[in-house]
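Results of the structural survey
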Amino acid sequence: MIFDDLRAIQSQYGYLPAEQLQELSRVSGTPLYRIHGVADFFPHFHLSRPPKVRMNVCTDMSCHLLGAGDLKGSLEQRFRGMSDKDVKVGDVSCLGQCDGAPAVSINDHIYRSVTTAQAEALVLTALGGSELPEMPPSDEKPGQLASDPYPGVERYGALRGLVVTRDWDGVIAKLKASGLSGLGGAGFPTGMKWEIVRKEREPIKYVVCNADESEPGTIKDRFIMQHLPHLLVEGMTIAGLVTGAQKGILYLRHEYGLQEHILEHEIRHCYKEGLLGENILGSGLGFELELFISPGGYICGEESALIEAIEGKRAEPRNKPPFPVVQGVFHKPTALNNVETFANVPQILVNGVDWYKSRGLGGAAGLKFVGISGDVRNPGVFEIPMGLPMSEVIYNLAGGIVGGKKLKAFAPSGPSSGYLPASQVEVRLDFKSLAAIGSMLGSGAIVVCAEGRCMLDMALNAVKFFRNESCGKCVPCRMGSQKMVDILTGWTHGKGTAADMVLIDDLTEALKLTSICGLGQFAHSPLSSVLLHFRDEIEAHVYSHRCPEGVCPMREVYA
Ligand SMILES: Cc1cc2nc3c(=O)[nH]c(=O)nc-3n(C[C@H](O)[C@H](O)[C@H](O)COP(=O)(O)O)c2cc1C
Ligand code: SF4
Ligand code: FES
């Protein structure tokens, strides 16, 4: 596998020297341009020698709200006199630690809730050649979770029962009756997805778990993998048996070292107990499961890009159709689901469809894990009934707004969902309710903005994320997201004109209509939502060259 070879070279040399790539090409018979194309695509690989200390600050939504810009600024200032060969301070996209913002990565070690003094001390430790300390394990102790159908009893009960009954159609019927929809963002009905894969006549099929989780604010899969790894492994194994897939691949973002360790342990345990392997519990039925560590990038979470990465290629989304259910990994039928979707399956099978449906509120079914970060007192991941009003999550579970301030806006699911105003805080957290007000449940990545935040600044931050993460395959997304960033940056510097408004509308339409994947299609959402809900504030920037909250740098430019 090309990524293993590249990782081995990088771990030996600290980067990928040109002569080593030539040697790899010679030995493996892979054209050099292909090796180079892959190495160049993923942020994890370095084609030139990196500085001794790489300090990267996450500046995405939640970290932006918690002072990442100032942190980065002071670190740049502090290490300005030093050679680039020693220390470089840069940016990194969301590290999946949004509830511990601001987060930083130093030589691939990740730290949460970092102050300037702590970051500086860590840089000096690395410069001095000492080992960097590991981040202390999180102290979250969730207690008994309602999503776990095995409180103190033998686990893997759904799988144990299924290898006896072999009622594959019954599983699909129960998933359909439960209303379980994909919890990775798109909300596609899971029972229907598995049924399509099951009906495909190909002898080789795959099950893939999408644990890439890289959108700012999204931290719930991290929590599930840490606290309920057995439900994920069981859900994937059941998917394999039901769809007729022999192999499962759990695609995990490389920054989740703790979760990697926990999952490795769980998978090893299952092989030992006969719950995985070629003869599950003596039934003659087989399913193999392995971890695949992502070489990085938000776009890898798009299902077809993820499949390309599994195949050792650049993670560029495919044109669809065909969809992965028909042509997925190595063009074989593939049941690809999110971590939480798989983890829901054992609950439904053990506790029953009626139990599952009755967990939800206001007509919604099931339980949901949501992450909440930004301007709240108690950020973290919470298990809630699907359909719980947003106000309950913000004011009760997350302890309300920091500093006793008022709520100004919230993103129900990171940049893709756009921002909603405080007046809509009673919206229920379910697919239908959020879609009805022009937003989405997405992956349940709530990011909260207190009064005093500038919504243009927040929209620009979110559009920058999409610009940074665009894979560049289609021109509208590659150029359009950059153009949008340029225009919004101009507005924050008092350079807006009426013509920009027309241009923004055209760009939005072009992105929506011509991008081939969701990243480009949703790149306009943060801006469109603030134009809808905070128009006066945006117009003040564009027409009066004034930031009502005094956040944007325009006054410095015009001073
Ligand atoms: C740019 C982009 C990033 C995505 N990232 C993720 C991700 O990290 N995890 C995830 O489960 N789905 C992600 N998705 C959605 C997947 O493409 C896919 O719909 C999902 O994994 C299917 O699983 P589900 O049906 O269980 O939700 C992303 C989509 C796009 C367009
Ligand atoms: S829309 Fe953007 S991220 Fe998606 S394939 Fe096109 S360029 Fe890549
Ligand atoms: S870790 Fe910074 S936004 Fe997620």
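Residues numbered from 1 in each chain as written. Chains lettered and ligands numbered in written order. Predicted model: local features only at pLDDT ≥ 70, side-chain atom pairs only at ≥ 80, totals over all residues.

With respect to the overall build of the protein
Test applied: What counts as a helix is a DSSP run of H or I of at least four residues, what counts as a strand is a run of E of at least two, and both are numbered from the N terminus. The size measure is the radius of gyration over C-alpha atoms, and the globule rule it meets is 2.2 Å times the number of residues to the 0.38 power. Residues are called buried when their C-beta atom has 20 or more other C-beta atoms within 10 Å, exposed when it has 12 or fewer, and partly exposed otherwise; all C-beta atoms are positioned from the backbone. In this description, any two residues whose backbone-derived C-beta atoms lie within 7 Å of each other are considered to be in contact.
Across its full length, the protein holds 25 helices and 13 strands. Over its C-alpha atoms the protein spans a radius of gyration of 24 Å, differing by no more than 12% from the 24 Å that the globule rule assigns to 559 residues. By the burial criterion, 50% of the 559 residues in the protein qualify as buried. Restricting the contact set of the protein to residue pairs at least 6 apart, pairs at least 24 apart contribute 70%.

Remarks on helix α13 (residues 303–310)
The buried count for α13 comes to 8 of 8 residues, which makes it a mostly enclosed element. Within the sequence span of α13, burial applies to Glu303, Ser304, Ala305, Leu306, Ile307, Glu308, Ala309 and Ile310. Each element contacted by the buried residues of α13 is listed here: β5 (206–211), β6 (247–252), β7 (288–293) and β8 (334–338). Phi for glycine 312, located one or two positions after α13, is positive at around 85 degrees.

Some words on the site of ligand 2
As a reminder, the rule being used: Nearness between a residue and a molecule or strand is assessed with a C-beta atom placed from the backbone; a distance within 6 Å qualifies. Gly is placed with the polar residues, together with every amino acid not listed as nonpolar (Ala, Val, Leu, Ile, Met, Phe, Trp, Tyr, Cys and Pro) or charged (Asp, Glu, Lys and Arg).
By nearness alone, 14 residues border ligand 2, and Cys471, Cys474, Cys477, Cys517 and Gly520 come closest of all. Elements with a minimum of two residues in the shell around ligand 2: α20 (475–492) and α22 (518–522). In the shell around ligand 2, the residues fall into 8 nonpolar, 4 polar and 2 charged.

Some details on helix α7 (residues 157–165)
Operational definition: It is the directions from the helix axis to the C-beta atoms whose arc is reported.
Within α7, burial applies to Ala158, Leu159 and Leu162. End-on view of α7: buried residues confined to an arc of 95 degrees, all on one side of the axis. Opposite the buried face of α7, at more than 90 degrees from it, the exposed residues are Gly161 and Val164. Tucked inside the fold, the buried residues of α7 contact α8 (168–178), α11 (229–243) and α14 (339–351).

A closer look at the site of ligand 1
We count it as follows: The split of the chain into domains comes from an automatic or database domain assignment.
In the region of ligand 1, 22 residues are neighbours, and Gly182, Gly184, Gly301, Asn338 and Gly518 sit closest. Elements that contribute at least two residues to the shell around ligand 1 include exactly β8 and α22. Its residues assigned to classes, the shell around ligand 1 shows 8 nonpolar, 10 polar and 4 charged. Counting contributing residues per domain, the shell around ligand 1 is built from domain 3 (166–355) and domain 5 (455–556), each supplying no fewer than three.

Considerations on the pairing of strand β9 (residues 367–374)
To keep things clear, this is the line we draw: What makes two strands pair is DSSP finding at least two bridges between them.
For β9, a buried count of 7 out of 8 residues is recorded, marking the element as mostly surrounded by other parts of the structure. Judged from the 6 bridges that link them, β9 and strand β10 (residues 380–385) form a sheet pairing that is antiparallel. Bridge assignment links glycine 371 to a residue of β10, and that residue is valine 381. A loop of 5 residues connects β9 with β10, the two strands running antiparallel in sequence.

A look at the nonpolar core
Threshold: Here, a nonpolar core means buried Ala, Val, Leu, Ile, Met, Phe, Trp, Tyr and Cys residues linked by C-beta atoms lying within 7 Å of one another.
Leu232, Val393, Phe410, Val448, Leu456 and Ala459 are the most contacted members of the largest nonpolar core, which has 161 residues in total. Broken down by element, the residue count for this core peaks at 9 residues, all from helix α19 (residues 455–469). Dropping the residues within four chain positions of it, valine 393 is found in contact with Val370, Ile372, Phe382, Ile384, Leu388, Ala398, Leu429 and Ile446.

As for the sheet that holds β7
What counts, and what does not: Lines fitted to C-alpha atoms define the axes, with helix axes restricted to the stretch in contact, and inter-axis angles between N-to-C directions lie between 0 and 180 degrees.
Taken in spatial order, the 4 strands make up an open sheet running β7-β6-β5-β8, and their pairing is parallel. Edge positions in the sheet fall to β7 and β8, since each has one partner strand and no second. Across the sheet, the mean angle from the axis of one strand to that of its neighbour is 20 degrees, orientation sign disregarded. Strand direction decides the pairing type here: β5 and β6, joined by 6 bridges, are parallel. If you follow alanine 211 over to β6, its bridge partner there is leucine 252. With respect to the sheet, α14 is in contact with β5 and β8, its orientation differing from that of β8 by roughly 95 degrees.

Digging into the sheet that holds strand β2 (residues 87–92)
By way of backbone hydrogen bonds, the strands of a sheet pair with one another, either parallel or antiparallel. If you walk across this open sheet you meet the 4 strands as β2-β1-β3-β4, and the pairing is mixed. Each of the sheet's edge strands pairs with one partner strand only, and the pair in question is β2 and β4 (109–111). The sheet shows a mean angle of 25 degrees between the axes of neighbouring strands, taken without regard to direction. Judged from the 3 bridges that link them, strand β1 (residues 53–58) and strand β3 (residues 104–106) form a sheet pairing that is antiparallel. Considered in β3, the bridge of asparagine 56 is made with serine 105. The strands that helix α5 (residues 68–78) touches are β1 and β2; relative to β1, the one it contacts most, it runs at about 155 degrees. Each of β1, β2, β3 and β4 touches helix α6 (residues 116–127); the most contacted strand, β1, lies at about 155 degrees to it.

Observations concerning the domain arrangement of the protein
We note that the domain assignment places domain 1 (2–41), domain 2 (53–127), domain 3 (166–355), domain 4 (364–450) and domain 5 (455–556) within the protein. Spacing between the C-alpha centres of domain 1 and domain 5 amounts to 38 Å.

Some details on unusual backbone geometry
Between alanine 101 and proline 102 the backbone carries a cis peptide bond, its omega angle lying at -5 degrees. Structurally, proline 102 can be placed in the loop between β2 and β3. Residue proline 322 is bonded to the preceding proline 321 through a cis peptide linkage, with omega at 0 degrees. With respect to the element layout, proline 322 can be found in the loop between α13 and β8. Phi at serine 113 takes a positive value of approximately 45 degrees, unusual for a residue other than glycine. Along the polypeptide, serine 113 turns up in the loop between β4 and α6. The residue leucine 281 is not glycine, and still its phi comes out positive at about 50 degrees. Position of leucine 281 among the secondary structure elements: in the loop between α12 (257–272) and β7. Using a count of 16 C-beta atoms within 10 Å as the deciding quantity, one classes leucine 281 as partly exposed.

Digging into the environment of threonine 334
By secondary structure assignment, the location of threonine 334 is in strand β8. The spacing of threonine 334 and tyrosine 206 is 128 residues in sequence and 4.6 Å in space, taken between C-alpha atoms. Residue contacts for threonine 334: discarding those within four places in its chain leaves Val197, Lys205, Tyr206, Val208, Ile307, Pro324, Val325, Gly328 and Val329.

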